[in-house]
Amino acid sequence: MSVVDIRPATSDQDLATLVEIFNTTTPDDPSSIDEIRWSDRTYPGTLRLLAEVDGRAVGAATVGRIHMYPPEHPGLWASIVVLPADRRAGTGAALLVALSVHARGAGKTELQLRASEARPEGIAFLAHRGFTELERSRMVRLELAGHVPPDVRMPTGIALTTLAARADLIGGVHAVAVEAFADIPGGDDPIAAGDLAEFRARDVDRPGVPHEAFMIALDVATDDVVGYASLIMIPGSTTVAWHDMTAVLRAWRGRGIAVALKRATIGWAIRNDLTALDTGNDEDNGPMRAVNARLGYQPLPDEVTMRGPLFGAKMAP
């Protein structure tokens with residue numbers, strides 16, 4: 001039986017190989033070199049690994065901070081992929097052990113990994129090793145072919161602008177995010193927008209976030225930000241984007257602002273020749289799921305966050 005060699009992915013060629021393996025095995029959740037560079041600048045400390053058998057890369061893994069939680073959170077975010085032809089040979093287990101060693105050294109006690117109902121074998125792999133479902137997102141897609149930009153009717157007293165046109169509004173956008181993030185269901189701990197600098201780095205100035213598509217709702221009477229919606233291009237794609245966030249202050253909800261903001265992002269996507277928009281919401285987020293259904297988004301396989309314990313070198317395969 002061939003020995004699995006686990007080593008850090010550090011060189012440009014290593015990272016290119018890692019991206020290729022991830023994009024081959026999880027095409028619905030792709031990565032890119034640009035995404036890696038952004039992550040390392042914004043959240044340094046991520047470990048990336050390659051698994052090799054006889055000098056051939058057969059798997060890859062990453063582990064690092066969960067971006068929406070503070071640094072002292074007890075868990076780290078991780079991902080493990082193995083090429084289909086090379087599974088059931090202990091590679092995934094070896095990578096999980098290596099990630100656990102790193103997490104334990106960082107003083108952590110658990111890992112969280114994303115899995116998809118489109119690949120039930122990945123969920124089974126984790127469940128067999130003590131991982132349980134932490135949260136479930138209902139994923140949806142809007143195909144844009146043949147669509148015309150929808151009418152955008154802002155409620156009375158609300159104006160629409162963009163971050164490209166009003167960069168001075170970023171403080172107000174952040175204030176909306178601070179309130180809205182705390183209300184997003186899912187998991188055991190509420191997520192947080194972070195301070196303004198972190199919010200900007202993660203959700204505003206990140207590569208792939210077009211400021212022209214960063215829609216902002218303003219109270220006409222005060223010029224205060226009451227809501228926003230943004231897109232982020234899926235890594236490696238110029239035609240598919242992800243709805244990064246749609247948020248409205250609590251006092252302004254229920255007036256149609258979220259629907260109008262989302263229609264505005266859809267219109268931008270159509271005018272800029274995008275072919276599809278993807279999004280997902282926790283299964284308990286009924287209001288936003290209703291907005292997506294109203295706008296014609298169609299179901300994709302659910303995305304599941306699995307949480308589980310760390311393992312040592314004696315872990316069973």
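Treat the numbers as computed from the prediction; the structure is a model and nothing was measured.

## Let's talk about the packing of aromatic side chains
1) Next: Counted under the stated rule, the structure contains three aromatic pairs.
2) Next: Ring centres of Phe 199 and Tyr 228 lie 6.3 Å apart, and the angle between their planes is 80°; this geometry places the pair in the edge-to-face category. Separated by 29 residues along the polypeptide, Phe 199 in helix α6 (residues 196-204) and Tyr 228 in strand β9 (residues 224-233) bring together distant segments of the chain. In this pair, the class of Phe 199 matches that of Tyr 228, namely buried.
3) Next: Seen from their ring centres, Phe 214 and Tyr 228 are 5.4 Å apart, and the 10° between their planes marks the pair as stacked.

## Some words on the packing of helix α7 (residues 257-271) against helix α8 (residues 286-294)
1) Next: Taken N-terminus to C-terminus, the directions of α7 and α8 make an angle of 45°; their axes are 10 Å apart at the nearest point. On the basis of their axis angle, the class for α7 and α8 is oblique. Seen along the crossing, α7 lies across α8 with a hand that is right-handed. In this structure, α7 contributes Ala 258, Val 259 and Lys 262 to the contact, and α8 contributes Met 288, Val 291, Asn 292 and Arg 294.

## Remarks on the pattern of salt bridges
1) Next: What the rule picks out here adds up to 27 salt bridges.
2) Next: Measuring nitrogen to oxygen at the nearest pair gives 2.3 Å for the salt bridge that ties Arg 138 to Asp 302. Of the two residues, Arg 138 is situated in strand β6 (residues 132-143) and Asp 302 in the loop between β12 (298-299) and β13 (303-309); the sequence distance between them amounts to 164 residues.
3) Next: The partner of Asp 168 in a salt bridge is Arg 166, with the nearest N and O atoms 2.8 Å apart.
4) Next: Residue classification places Arg 166 among the partly exposed residues on the basis of a relative accessible area of 22%.
5) Next: One salt-bridge network, held together by shared partners, links Glu 117, Glu 133, Arg 136, Arg 138, Glu 283 and Asp 302.

## Describing α7
1) Next: In this model, α7 (15 residues) spans 21 Å end to end at C-alpha, consistent with the 21 Å of a helix rising 1.5 Å per residue.
2) Next: The element α7 is extensively covered by neighbouring structure, given that 13 of its 15 residues are classed as buried.
3) Next: Immediately beyond the C-terminal end of α7, within one or two residues, lies Asp 273, with a positive phi of roughly 65°.

## A look at the nonpolar core
1) Next: Formed by 52 residues in total, the largest nonpolar core has its most connected members in Ile 216, Tyr 228 and Leu 277.
2) Next: Taken together, the elements giving at least two residues each to this core come down to β6, α5 (170-181), α6, β8 (215-219), β9, β10 (240-248), α7 and α8.
3) Next: At ten residues, the largest contribution of residues to this core is made by α7.
4) Next: Ignoring any residue separated from it by four or fewer positions in sequence, one finds Leu 277 in contact with Val 140, Arg 141, Leu 142, Leu 144, Leu 231, Ala 241, His 243, Ile 266, Ala 269 and Tyr 297.
5) Next: The next biggest cluster of nonpolar side chains, apart from the first, holds 24 residues, and it includes Leu 49, Ala 78, Leu 113 and Ala 115.

## Remarks on unusual backbone geometry
With glycine set apart, most residues show a phi of negative sign, and most peptide bonds adopt trans.
1) Next: Phi is positive for Arg 88, which is not a glycine, with a value near 65°.
2) Next: With respect to the helices and strands, Arg 88 occurs in the loop between β4 (75-82) and α3 (91-105).
3) Next: For Arg 88, a relative accessible area of 87% gives the class exposed.
4) Next: For Asp 273, which is not a glycine, the phi torsion comes out positive at approximately 65°.

## Let's talk about the pairing of strand β5 (residues 110-116)
1) Next: Burial of β5 is extensive: six of the seven residues sit out of reach of the surface.
2) Next: Relative to β5, β4 is paired through four bridges, and the arrangement is parallel. Residue pairing across strands places Leu 76 opposite Leu 111, the latter belonging to β5.
3) Next: Note that the unit made of β4, α3 and β5 has a crossover that is right-handed.

The rules behind these values
Residues numbered from 1 in each chain as written. Predicted model: local features only at pLDDT ≥ 70, side-chain atom pairs only at ≥ 80, totals over all residues. Heavy atoms only, no water. Phe/Tyr/Trp six-rings, centres within 6.5 Å; stacked < 30°, edge-to-face > 60°. Helix = DSSP H or I, 4+ residues; strand = E, 2+ residues; numbered from the N terminus. Buried < 20%, exposed > 50% of the residue type's maximum accessible area, 1.4 Å probe, protein only. Axes fitted to C-alpha atoms, helices over the stretch in contact; angles between N-to-C directions. Parallel < 35°, antiparallel > 145°, perpendicular 65-115°, else oblique. Left-handed = near helix turned anticlockwise from the far one by under 90°. Contact = heavy atoms within 4.5 Å. Salt bridge = Lys/Arg side-chain N within 4 Å of Asp/Glu carboxyl O. Expected span 1.5 Å × (residues − 1). Core = buried A, V, L, I, M, F, W, Y, C linked by side-chain atoms within 4.5 Å. Pairing = 2+ DSSP bridges. Right-handed = clockwise from strand over helix to strand, strands pointing away.

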